[in-house]
Amino acid sequence: HLKNVHVVVDCGAYTGITSLFFLSIFPLARVIALEPDRENYELCKANLNPYRTRAEPINAAIWSSQGQVQVVRGSDGYRNAWGIRTIKSSEYCEKVSTLDMATLMNKYSLTKIDLLKIDIEGSELNLFQEQVDWLSLVDSIVIELHSDECCKTFFDAVKPYKFGCFFKGETFCFKKGLLK
């Protein structure tokens, strides 16, 4: 159970439904919602509009560095709006800007993230491969990991930060202070 949640970062916000949930259960929280797909972002922005003083939708992908990535549709070739992922971009493709965690935290004046939600369809491999010192500023993480390689990379990255872990459905939940 989380208490005193003031900052939530929702990476892979889709249409903002999870952000809405966080806003409703954490009445003091500010939610920063990143969604790389333009259409999903527009829905997210519309859904979060009633909370515009507490919610900041951003049309960008979380990544290990600043730049641009390619937006990729579902692996079956169809436009699965829930299966959007990002990869390093080629010259001729739909691109979206990226934010690394340090830049995100600086841009939005965050000194701490109480809850970090990550569902970024495999891009967690990139996010956690390098420069993860920002994890020291995160209290709790809820993440869906999309491959064995993503699991190994993520678990290696969080190990020094002494997060306790439990598993719920497809989601791993991590909280500092659960391990002694």
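What comes next is a walk through the structure. (Residues numbered from 1 in each chain as written. Predicted model: local features only at pLDDT ≥ 70, side-chain atom pairs only at ≥ 80, totals over all residues. Heavy atoms only, no water.)

## Description of the environment of S64
- Here S64 lies in the loop between β4 (61-62) and β5 (67-72).
- Along the primary structure S64 and L125 are separated by 61 residues, whereas in three dimensions their C-alpha atoms are 9.5 Å apart.
- Apart from the residues within four sequence positions on either side, S64 is in contact with D100, N126, L127, E130 and Q131. (Helix = DSSP H or I, 4+ residues; strand = E, 2+ residues; numbered from the N terminus. Contact = heavy atoms within 4.5 Å.)

## Observations regarding unusual backbone geometry
- Positive phi, normally seen in glycine, also occurs at E121, with a value near 50°.
- Tracing the sequence through the fold places E121 in the loop between β8 (113-118) and α4 (124-127).
- The phi torsion at Q131 lies on the positive side, around 50°, for a residue other than glycine.
- By the secondary structure assignment, Q131 is in the loop between α4 and β9 (138-143).
- The exposure class of Q131 is exposed, given its relative accessible area of 55%. (Buried < 20%, exposed > 50% of the residue type's maximum accessible area, 1.4 Å probe, protein only.)

## Some remarks on the sheet that holds β9
- The seven strands are arranged β3-β2-β1-β8-β9-β11-β10 in an open sheet whose pairing can be described as mixed. Because the sheet does not close on itself, it has two edges, and the strands there are β3 (55-58) and β10 (163-168). Shown here is a sheet whose adjacent strand axes are inclined to one another by a mean of 15°, direction ignored.
- Two strands pair when backbone bridges link them, and strand β1 (residues 7-11) and strand β2 (residues 30-34) are joined in this way by five bridges, in the parallel orientation. Paired with V8 across the two strands is V31, which belongs to β2.
- Sitting on the sheet, helix α1 (residues 17-25) touches β1, β2, β3 and β8, and the angle it makes with β2 is about 175°.
- The strands touched by helix α5 (residues 148-158) are β9, β10 and β11 (171-176); relative to β11, the strand with the most contacts, the crossing angle is about 5°. (Pairing = 2+ DSSP bridges. Axes fitted to C-alpha atoms, helices over the stretch in contact; angles between N-to-C directions.)

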